[in-house]
Amino acid sequence: MKKMDLVSGYKGVVGLMFGNEDSNSNEDSYVERLLDCIKNGKLVEDRRNAMAELQAVVADSHSAQLAFGTMGFPVLFGVLQEREDVEMVRGAVETLLSALTPTQSKSHKNEVQPALMNADLLSRDEQNISLLLNLLSEDDFYVRYYTLQLLTALLTNSHVRLQEAILTIPRGITRLVDMLMDREVIRNEALLLLTYLTREAEEIQKILVFEGAFEKIFSIIKEEGGSDGGVVVQDCLELLNNLIRSNASNQVLLRETIGFDSIISILKLRGSTYSFSQQKTINLLCVLETIRLLINGGSEVDPAKQIEKSTNKTVLAQRNVLDHLLMLGVESQRASVAVRCAAFRCIGDLIFGHRQNLDTLASKFLGDELQLEPALNSILRIILRTSSMQEFIAADYVFKSFCEGNADGQKMLASTLIPQPLSLTHAPFEEDVNMSFGSMLLHGLALSEHDGDLETTCRAASVLSYVLKDNIQCKEKVLQIEIESPTPSLGAPEPLLHRMVKYLALAFSKKGKDGNSTNSYIQPIILKLLVTWLYNYPNAVHSFLSSRPHLTYIIELISNSDTTVCVRGLAAVLLGECVIFNKSIESGKDAFSIVDSISQKVGLTSYFQRLDEMQNSSLFSSEKPVESHNPLTKANNNSMSDVEDIEDDVEGDRKNEDHPMLAEMFDSQFVNFIKNLESSIRDGVVNIYSHPKSDVSVIPAELEQRKYEADVDYIKRLKLFLEKQCSEIQDLLNRNTILAEDLAKTSGGDSSQTEPRLSSGSERVQIEKLKRELLEASQRVDNLKNENSKLENEVSSYKTLSAKIENDLKSLSDAYSSLEQANYHLENEVKALKSSGSTSGLDIEAIKAEAKEEAQKESEAELGDLLVCLGQEQSKVEKLSARLMELGEDVDALLEGIGDDMGAAEDDDDEDDEDDK
């Protein structure tokens, strides 16, 4: 019921797309009659003839395929289940294959594709797949042959379902692997099927390896003649690559069971002519990809797989794979550019981060016995001489891998950098065979002085940047190199660093003169060298700034809209390095002077915008894959083998677009380096700009009281100073508001016109000056506000203390009044005693004097303590009054309340005394 529902659903779609035309109805009825004859026919011949007719009409007719898909599958699979008639089984499989193969007739875009529809319908039932796999055990050759073709067609159109079904069917993959040992035609079909089946199917890859796929693959390759074999060798290598691609466990099994000797033997060039047919080129590309997959290992994240990658590199090097790679990349110039490039890529991957392999390459010599030279020299010569851009990039990758994290190798190469006499410096390349590595490199750097060709200089600059990267000793060594002038009588030798800046300017002038951008990658690569050279090396910064035109030219390069986004951005990075790595104290060359030049001649907003534009460009914003090449398949092998025919197809680099070659030269490592460096540059520039060279004193001299200056005069002078500062601040705020309004009006137009209007000299200088003045005034205001806040807190604390002292005074006054009253009462009592005459024997006057004296001592002691406290507080109040006057506060108003309260308390005390008396 489920299958019939699917069929009816498809039938509804077909009816909707094609209507009920008579021709379609005739096709449907004809297919239906043939299927009925196959199912219910009485005579064997009638059934066979009907099967042959059905196969022919389904293979040729678009509508017949549609009709077959709606009703034919149950009938034909019924024939396959019976298997009574081998010829009928063969015809059924061939008919099913025709139903899954697109017809030659043209179809409209919106039409249903019957081949895809039929493949989807067939793959929905797992029993159908199981039945087809069982047919591989049939004795009939054509049944097995057509079944493999049918499975391949089904895998092409519905690979996920077929992969899942084969994994669930017992011994399904085993039957497919057994086909590799069948007759040649069936073996070849099985190779194609397994190649499609193993793409992105890790479980199937592992099962195939355990079923002995490696042994069978290498047996077929050897039987077919290795790299000199035909397309079957290519199929075997493509299947091998599928089995080990990103599959570390399969790589371990290959290394520990079969070994790598079988792979390396395919690389060996046989015979003296070294002929390279197109198929041999493709086979070599496939085996080079195999080696590169082994070198790159599995996942980059798993540390265990990193260990396996290193082990693969070691074992391959022990099997002398480096010799074969150098033979293909350097010595076999008859090989295609694609093969040479792939060999260089493998060499770079083989030595990257592997100390033993690095040393092995450094010690390799190539050439005849009479004319041996180091392998690195030979690779450098290819970089400087080749006419192929792809070959330059691939050979350049070897030096990048050699120098990365290899300080000893960098020093070894830098030690050979010795300037040659003028005659050799400008000699043609044909005479550089006996030169050292460094002499050849300097020859390439200075060659543009001879013929004006900056291409060679650009390539040599790229190699030099790897030699200098993160190596202070190499930077110091190269910084001391001086290049002779082409006419010694007219000019003295100049440092190599200055010569590279000269070439940078020359590249731009040639580009503008020619009116095209065929060399638009030269400036970025020279800038890459300069950025690498100046990074974290103040001596190089000092040398760069020692020539005043250098700074002027770099600023012009940043501001020039005719240059590419990459050039402007890298020039901005170079200028930023002159800020953050600048240790000079010489006026005009220190970090503050550079920031001041940026502020006045470019503008900080425009400068940072150049950095943003570069980061948002395709070169720096897109994710760069670790491995950029696509797996080799029959669909792309011709384009890979003919890479030299398309390597210079870079016509798409129009104005303000960067050369496509830079996408490979500026790898993810360099992009991340620039991003981190840009962040440091932003922080450094902003920090220096916000802290000018002539720092403003937080407390100006006018705030200090002069010697012998009266307090009143000091307070008046402070008021005048504050009024002046407030006036200046207000003036700056007004001017800043006007500038902001002008800027808003200016930016209201075309954004492309904003930059020129703001970049005029006088306006920019005035704006930057006002910004700096406003920043200084804002700092002073903030400091005064902080000081005022502190004084207000002190005033509050003093007010609290004064209130406490007033309470103490009041209590003391009350105590004194009580003593006076007690004394008064005692005097009255004495008078009364005198009048009554009852003072017998008592010295009334003595007692009175003693009591008065004691009371007076107590009151005097308390009054003394009180006066000391009052003196201290009076001193504090006087200082506080002075500070309040400085800040413009009305001191009299603040003290008025306190005095009134004290006066009131004293009046009350006097009144009490009078009442008591």
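Residues numbered from 1 in each chain as written. Predicted model: local features only at pLDDT ≥ 70, side-chain atom pairs only at ≥ 80, totals over all residues. Heavy atoms only, no water.

Draft legend 1. Fine view of the packing of aromatic side chains. Applying the stated criterion across every chain yields a total of 13 aromatic pairs. Measuring from centroid to centroid gives 5.2 Å for Phe141 and Tyr142, while their planes differ by 80°, and the two rings are edge-to-face. For Phe141, a relative accessible area of 15% gives the class buried. Seen in terms of ring centroids, Phe399 and Phe437 are 5.5 Å apart; in terms of plane orientation they differ by 35°. Their pairing is tilted. Remark: Phe437 occurs in helix H27 (residues 437-446) and Phe399 occurs in helix H24 (residues 389-403); sequence separation between them is 38 residues. In this structure Phe399 comes out as buried when scored by relative accessible area, which is 0%. These aromatic residues form a ring-pair network of at least three members: Tyr535, Phe581, Phe620, Phe666, Phe670 and Phe673. Here the guanidinium or amino end of Lys528 rests over the ring plane of Phe670, the centre of that ring lying 5.1 Å away. (Phe/Tyr/Trp six-rings, centres within 6.5 Å; stacked < 30°, edge-to-face > 60°. Buried < 20%, exposed > 50% of the residue type's maximum accessible area, 1.4 Å probe, protein only. Helix = DSSP H or I, 4+ residues; strand = E, 2+ residues; numbered from the N terminus. Lys NZ or Arg CZ within 6 Å of the ring centre and 35° of its normal.)

Draft legend 2. The confidence of the model for the protein chain, seen in detail. Averaged over every residue, the pLDDT of the protein chain is 80; the share at 70 or more is 77%. Note on residues 1-22: pLDDT is under 50 here. Beyond four places in sequence and across chains, it has 26 contacts. Residue range residues 902-906 is modelled with pLDDT below 50. Its contacts to residues more than four positions away, or to other chains, number 2 contacts. (pLDDT = per-residue confidence, 0-100. Contact = heavy atoms within 4.5 Å.)

Draft legend 3. Spatial organisation of the pattern of salt bridges. Counted under the stated rule, the structure contains 31 salt bridges. Ionic pairing is found between Arg345 and Glu664, a salt bridge with its closest N-O pair at 3.0 Å. Of the two residues, Arg345 is situated in helix H21 (residues 337-351) and Glu664 in helix H40 (residues 662-665); the sequence distance between them amounts to 319 residues. For Glu664, a relative accessible area of 34% puts it in the partly exposed group. (Salt bridge = Lys/Arg side-chain N within 4 Å of Asp/Glu carboxyl O.)

Draft legend 4. Quick look at the packing of helix H8 (residues 126-134) against helix H10 (residues 159-168). Running from amino to carboxyl end, H8 crosses H10 at an angle of 65°, the nearest separation of the two axes being 10 Å. Accordingly, the angle class assigned to the pair H8 and H10 is roughly perpendicular. Judged by the sense of rotation from one axis to the other, the crossing of H8 with H10 is right-handed. Judged by residue contacts, Glu126, Ile129 and Leu133 of H8 engage Leu162, Ala165, Ile166 and Thr168 from H10. Across the contact of H8 with H10, the residue classes break down as 5 nonpolar, 1 polar and 1 charged. (Axes fitted to C-alpha atoms, helices over the stretch in contact; angles between N-to-C directions. Parallel < 35°, antiparallel > 145°, perpendicular 65-115°, else oblique. Left-handed = near helix turned anticlockwise from the far one by under 90°. Nonpolar A, V, L, I, M, F, W, Y, C, P; charged D, E, K, R; others polar.)

Draft legend 5. Here's a closer look at empty space enclosed by the protein. This model, assessed by the stated rule, comprises 3 cavities of 30 Å³ or more. Of the volumes computed, that of the largest cavity is approximately 170 Å³. Around the largest cavity sit 14 residues that line it, and Tyr466, Lys469, Lys528, Thr532 and Phe670 are the ones nearest its centre. At 3 residues, helix H41 (residues 668-690) tops the list of elements feeding residues into the lining of the largest cavity. Tallied by class, residues from the lining of the largest cavity come to 5 nonpolar, 3 polar and 6 charged. (1 Å grid on protein atoms, 1.4 Å probe; cavity = no way out; pocket = protein on both sides within 12 Å on 5 of 7 lines; lining within 4 Å. Points joined across faces, edges and corners; volume = space filled by probe spheres on them.)

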